[in-house]
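Each chain is listed here by its residues.
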Amino acid sequence: MNKVAGKPSLFFMTSLQREKKSDKGNRLVQSTTRAARKSPQAVLVESLYREHWDELCRALYKIYGAGPPEPEDVAQEAFTKLSRLNTMAHIENPKAFLFKVAFNISLKSIGRIAKTRAFIAEQLNVPLADIDEISPEKILEDKQRIDALQRGTEQLSEKQREILVRSRIKGETYAQISAEKGWSKADICRQLNAALALLEAADADVNT
Amino acid sequence: MNEKADECVLKTKIKEQSRAWLIYLYSGDVEQKKLEKFKDWLNTSELHRQAFESSERVWRNIGLLDSTVDWTAEVGDQNTVVPINIDSIDNATTNSAALNNTERDSAHSAKNERNIWRGIYSKGIAASFAILVIGALVVGGIISTNNEAQVNSVFYSSEVAQNLDIELSDGSRVTLAGDSVIVAKITDHRRDIVLKKGRAYFDVSHDAYRVFSVTADNTQVRVKGTAFDVRLGVDNVRVSVTQGLVEVAGLKNHDGMGGNVRSLTKNEQILAKSDGSFIGNKSRFNKESDLAWLDGRFVFDGVPLREVIADINRYYNKTIVIRDTEINHLQITTSFQAKQIDQVLAGLGAAYPVMVEHNNDQVLILAATP
């Protein structure tokens, strides 16, 4: 991967684009066949790559720092994951989905987070992937819940949102948040508790 | 009956415990002993297990929300100057022993300072804003860097006696009344405006994928594409709808759950207190009179003096102060153009039991001595 140049080569895409050498070397036929073989998912991922690679790397750098893992590696893995999906047809916002996948990859790489997730999966007796991975199928299954949750978040205070983002997405410890923002750990726990209570209520409404 | 109540109390308690455990597990500071305690708690009963599964699911799903992506981009950068924090200053300050001179002076000097400060347009292009420190007020703006991934808040303010027309980056049009302030934050997923001071009329461009919200004090208006007016009054917020369907919510910050939500359509209006609770039910309003300010006119029909003065102050260069609280609720009926305010003030003295005194920099309205 050529980091100096900025954009890496799309090496994970070449399997979709590798030219099949026919004996007659009929390039025209080959190119048409190649075009016909490109799945909608491949087309989508390619366009996401073209449009958002830079922005994604910058966001990862800003949020998770220089690493390890390096932002470019995380971004690369995110695109790889996307390219391996069957379809993203039901995802309303593919760009946001890309970012969510990338953030999750970064989060998983934090040892403490990985351990906690593994512990919880073990205690709940569910596969780790249920807790650790993001899939379009899951988003579709949980659509109502997620929509309700989205609405619930509109009622959170700025402080609650920030604490939520820092702990849930950035993977910061409460000690880290306390050091950066000056809030006491007790306050942070309180706010998080209140925020989760609100969100759980929104989630519960879906069942009733 | 008793059984059900008990069951409910128990479930609530278990939910609280479940949340507390989740928060502990992700605190970044766990001890082996406590982890064993968690296992014991989890395996106490199926109810415990279900509660925790539910908490964990909510925690997990937070990472699947579109808005989380936005917020994460905001929180990322430590160097970003964070939003403005202006106290909503009511120029029609009523005097009493409670309001001392320094408060009045600072409110007044702030008004003059604001004339120096100009509103700035943004057409979706990141621009730089200066941060000014003014007297008792701290005015700040978001400084954008060249980083496109960053979300920018844009700060708009109008001068006294001047309506300001703004086009937001999503194509929505906003008209600020005189001496009014909004902060606009428009991202790929949301369009959020805060009315910090005064009054504004919103003509929202339709976008089914992005909610447009306007927050004033603890009242929030949410639409996809409509037109409505929001007025931040002395101690209330009024929303008047001219087009479309508008959702108005009373917000409760920090700990409580959300407050009430009302839906308003064309020609409907609702009033809320500063804390977000609604006053009465929705009522109809007359666009010609209530929104005449858009054309630089005012029409008041039995409106309390305090609100009339609050509206007038946005269009008058001197600060008008009601000195005697007993005349605050005097019902005023009058109509005039913004440039006729001098005559109007004089007229008030003639038509109502009040006296109007002009100083160098203020106009005082007092109860008339019998």
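Structure's up top.
Along every chain, residues carry numbers that run from 1 in the direction the sequence is written. Ligands are numbered from 1 and chains lettered from A, in the order in which they are written. Residues qualify for local features only when their pLDDT is at least 70, as the model is predicted, and side-chain atom pairs are given and counted only at 80 or more; totals for whole chains, interfaces and linings, by contrast, use all residues. Hydrogens and water molecules were not included; the side-chain quantities draw on all heavy atoms of the structure.

### Thoughts on the overall build of chain B
And step 1. Helices and strands together make up the secondary structure of chain B, namely 8 helices and 21 strands.
And step 2. Buried means the residue's accessible area, taken with a 1.4 Å probe over protein chains only, is under 20% of the maximum for its type, while exposed means over 50%, and partly exposed covers the values in between. Counting only residues that meet the buried cut, chain B has 51% of its 370 residues in that class.
And step 3. Within chain B, contacts between residues at least 6 apart in sequence are counted, and of these 54% link residues at least 24 apart.
And step 4. Throughout, the Shrake-Rupley method with a 1.4 Å probe supplies accessible areas, and for residues the shown protein chains are the sole cover considered. Here chain B displays about 17,500 Å² of accessible surface, and carbon together with sulfur accounts for 48% of that area. We count a stretch as a helix when DSSP gives it H or I for four or more residues in a row; a strand needs E for two or more, and each element gets its number in order from the N terminus. Any pair of residues with heavy atoms lying within 4.5 Å of one another is described as a contacting pair.

### Brief notes about the interface of chain B and chain A
And step 1. At the interface, 55 residues of chain B touch 61 residues of chain A.
And step 2. Taken over both partners, the interface formed by chain B and chain A buries close to 5,600 Å², and the fraction arising from carbon and sulfur atoms is 62%.
And step 3. In short, buried area is how much 1.4 Å probe accessible area vanishes from two parts on joining, totalled over both. Broken down residue by residue, the surface that chain B buries against chain A is led by Y26, L64 and W71 of chain B, which jointly contribute 12%.
And step 4. Salt bridges are defined as contacts in which a side-chain nitrogen from Lys or Arg sits within 4 Å of a carboxyl oxygen from Asp or Glu. Applying the counting criterion to the chain B and chain A interface returns 6 salt bridges.
And step 5. For D29 of chain B, the salt bridge goes to K185 of chain A, with nearest N and O atoms at 3.6 Å.
And step 6. N or O atoms within 3.5 Å of each other form a polar contact, as long as, within protein, one can give a hydrogen and the other can take it, and as long as residues adjacent in sequence are counted only when both atoms are side-chain atoms. Seen at the junction of chain B and chain A, the total is 13 residue pairs in polar contact (both at pLDDT 80 or more).
And step 7. Per element, the largest residue contribution to the side of chain B that touches chain A is 11 residues, and it comes from helix α3 (residues 46-61) of chain B.

### So, the side chain of K100 of chain A
And step 1. Positionally, K100 of chain A belongs in helix α5 (residues 94-108).
And step 2. Residues within four places of K100 of chain A in sequence aside, it is in contact with I134 of chain A together with G63, L64, L65, D66 and V69 of chain B.

### Section: the packing of aromatic side chains
And step 1. Only Phe, Tyr and Trp rings take part, Trp by its six-membered ring, and two of them pair if their centres are within 6.5 Å. Stacked means planes under 30 degrees apart, edge-to-face means over 60, and tilted covers everything else. Tallied over the full model, the rule gives 17 aromatic pairs over all chains.
And step 2. On the numbers, 6.0 Å between centres and 45° between planes, the contact of F119 of chain A with F38 of chain B is tilted. With F119 of chain A in helix α6 (residues 111-124) and F38 of chain B in helix α2 (residues 32-42), the pair connects residues from two separate chains.
And step 3. On the basis of relative accessibility, which here comes to 14%, the residue F119 of chain A falls in the buried class.
And step 4. On the basis of relative accessible area, F38 of chain B is assigned to the buried category, the value being 0%.
And step 5. Of the aromatic side chains, those joined through ring pairs into one cluster are F119 of chain A together with W21, Y24, F38, W41 and F52 of chain B.
And step 6. Charges are assigned to positions over rings by a cutoff of 6 Å between ring centre and Lys NZ or Arg CZ, combined with an angular limit of 35 degrees from the ring normal. For the cation-ring pair, K34 of chain B lies above Y24 of chain B, with the distance from its terminal atom to the ring centre recorded as 4.5 Å.

### Things to note about the sheet that holds strand β3 (residues 153-157) of chain B
All names here are of chain B.
And step 1. Taken in spatial order, the 7 strands of this open sheet run β3-β6-β7-β9-β10-β13-β14, and their pairing is mixed. Of all strands in the sheet, those with a lone pairing partner are β3 and β14 (261-264), marking the two edges. Averaged over neighbouring strand pairs, the angle between their axes works out to 20° when direction is ignored.
And step 2. Sheet analysis places β3 next to strand β6 (residues 181-186), joined by 5 bridges and oriented antiparallel. From the neighbouring strand, Y156 faces β6, where its bridge partner is I182. Two strands pair under a simple rule: DSSP has to find at least two bridges between them. Think of each axis as a best-fit line through the C-alpha atoms, taken over the contacting stretch in the case of a helix, with angles from 0 to 180 degrees between the N-to-C directions.

### Section: the side chain of N218 of chain B
Residue and element names in this part refer to chain B.
And step 1. Looking at the secondary structure, you find N218 in the loop between β9 (211-216) and β10 (219-223).
And step 2. Judged by its relative accessible area of 18%, N218 is buried.
And step 3. From its side chain, N218 meets the backbone oxygen of S274 in a polar contact 3.2 Å long.

### Brief notes about the environment of E159 of chain B
Residue and element names in this part refer to chain B.
And step 1. Its location among the elements puts E159 in the loop between β3 and β4 (164-167).
And step 2. Under the relative-accessibility criterion, E159 is labelled partly exposed at 26%.
And step 3. E159 sits 22 residues away from V181 along the chain, and the two C-alpha atoms are 9.4 Å apart.

### Some thoughts on the sheet that holds strand β16 (residues 278-284) of chain B
All names here are of chain B.
And step 1. The strand order across the open sheet formed by 7 strands is β4-β5-β8-β11-β12-β15-β16, and the pairing between neighbours is antiparallel. Where the open sheet ends on each side, the last strands, each with one partner, are β4 and β16. Neighbouring strand axes in the sheet, compared pairwise and without regard to direction, differ in orientation by 15° on average.
And step 2. Across 5 bridges, strand β12 (residues 236-243) lies against strand β15 (residues 268-273) in antiparallel orientation.

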